[in-house]
Amino acid sequence: QVHLVESGGGLVQAGGSLRLSCAASGRTFSFSGVAMGWFRQAPGKEREFVAAIIWGGSGTYVADSLKGRFTISRDNAKNTVYLQMNSLKPEDTTVYYCNTDSSISRLIKGGMDDWGKGTLVTVSS
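Residues numbered from 1 in each chain as written. Predicted model: local features only at pLDDT ≥ 70, side-chain atom pairs only at ≥ 80, totals over all residues. Heavy atoms only, no water.

### Focus on the sheet that holds strand S3 (residues 18-25)
Across the sheet, which stays open at both edges, the four strands sit in the order S1-S3-S8-S7 with antiparallel pairing between neighbours. Of all the strands in the sheet, the pair left with one neighbour each is strand S1 (3-7) and strand S7 (70-75). Each strand axis lies, on average, 20° off the axis of its neighbour in the sheet, ignoring direction. Two strands pair when backbone bridges link them, and S7 and strand S8 (residues 80-85) are joined in this way by six bridges, in the antiparallel orientation. Directly across from Phe70, in S8, lies its bridge partner Met85. (Pairing = 2+ DSSP bridges. Helix = DSSP H or I, 4+ residues; strand = E, 2+ residues; numbered from the N terminus. Axes fitted to C-alpha atoms, helices over the stretch in contact; angles between N-to-C directions.)

Here it is as structure tokens:
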């Protein structure tokens with residue numbers, strides 16, 4: 001079983017940057033071929049896909065509306081996926097979550113059963 005913990009959120013001024021971290025753990029979990037990614041969801045709104053990456057490959061995907069500002073990456077040694085967010089806007093304010101699935105196509109759908117507590121990003125004007 002994989003356990004994911006999001007961190008790195010906080011308060012930042014518009015135009016600033018934050019790097020979110022998603023640390024994965026699990027003694028029997030294999031990261032090879034697993035898709036991991038980021039979502040965000042504001043209260044009362046639908047969950048929105050942000051970015052995804054294949055753990056054992058080179059493929060990455062970022063939502064069209066966020067390309068140029070958000071970048072996803074990973075650190076194999078630390079079992080951690082990152083979301084670098086630049087040029088932040090007040091509209092980016094919400095809770096960000098990470099999750100995993102067997103492929104990017106499945107992950108993007110956001111149909112995973114279990115979600116963590118996420119990390120809150122607040123962008124002030």
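### Regarding the sheet that holds strand S2 (residues 10-13)
Strand order in the open sheet formed by six strands is S2-S10-S9-S4-S5-S6, and the pairing between neighbours is mixed. Either end of the sheet is taken by a strand with one partner, and the two such strands are S2 and strand S6 (60-62). On average, adjacent strands in this sheet sit at an angle of 25° to one another, irrespective of strand direction. In this structure, strand S5 (residues 48-54) lies alongside S6, joined through three bridges in antiparallel fashion. Within S6, the position partnered with Ala52 by the bridge is Tyr61.

### So, the nonpolar core
Counting 34 residues, the largest nonpolar core has Trp38, Phe70, Leu83, Met85 and Tyr96 as its most contacted members. Contributing elements (two or more residues each) for this core: S3, strand S4 (35-41), S5, S7, S8, strand S9 (94-101), helix H1 (104-108) and strand S10 (119-124). Among the elements that line this core, the one with the most residues is S5, at six residues. For Phe70, the residues in contact, after removing those within four places along its chain, are Arg40, Val50, Val62, Leu83, Gln84, Met85, Asn86, Leu88, Asp92 and Tyr96. (Core = buried A, V, L, I, M, F, W, Y, C linked by side-chain atoms within 4.5 Å. Buried < 20%, exposed > 50% of the residue type's maximum accessible area, 1.4 Å probe, protein only. Contact = heavy atoms within 4.5 Å.)

### Here we look at the packing of aromatic side chains
One pass over the structure, following the stated rule, counts four aromatic pairs. Plain terms: the ring middles of Phe39 and Phe49 are 5.6 Å apart, the flat faces sit at 70° to each other, and that makes the pair edge-to-face. With Phe39 in strand S4 and Phe49 in strand S5, this residue pair connects regions lying ten residues apart in the sequence. Residue classification places Phe49 among the buried positions, given a relative accessible area of 12%. An aromatic cluster is defined as three or more aromatic residues linked by ring pairs; in this entry it consists of Phe39, Phe49, Tyr61, Tyr97 and Trp115. The ring of Tyr82 has Arg19 sitting right over it, with the charged end atom 4.1 Å from the ring centre. Positioned over the ring face of Trp115 is Arg47, at 3.9 Å from the centre of the ring. (Phe/Tyr/Trp six-rings, centres within 6.5 Å; stacked < 30°, edge-to-face > 60°. Lys NZ or Arg CZ within 6 Å of the ring centre and 35° of its normal.)

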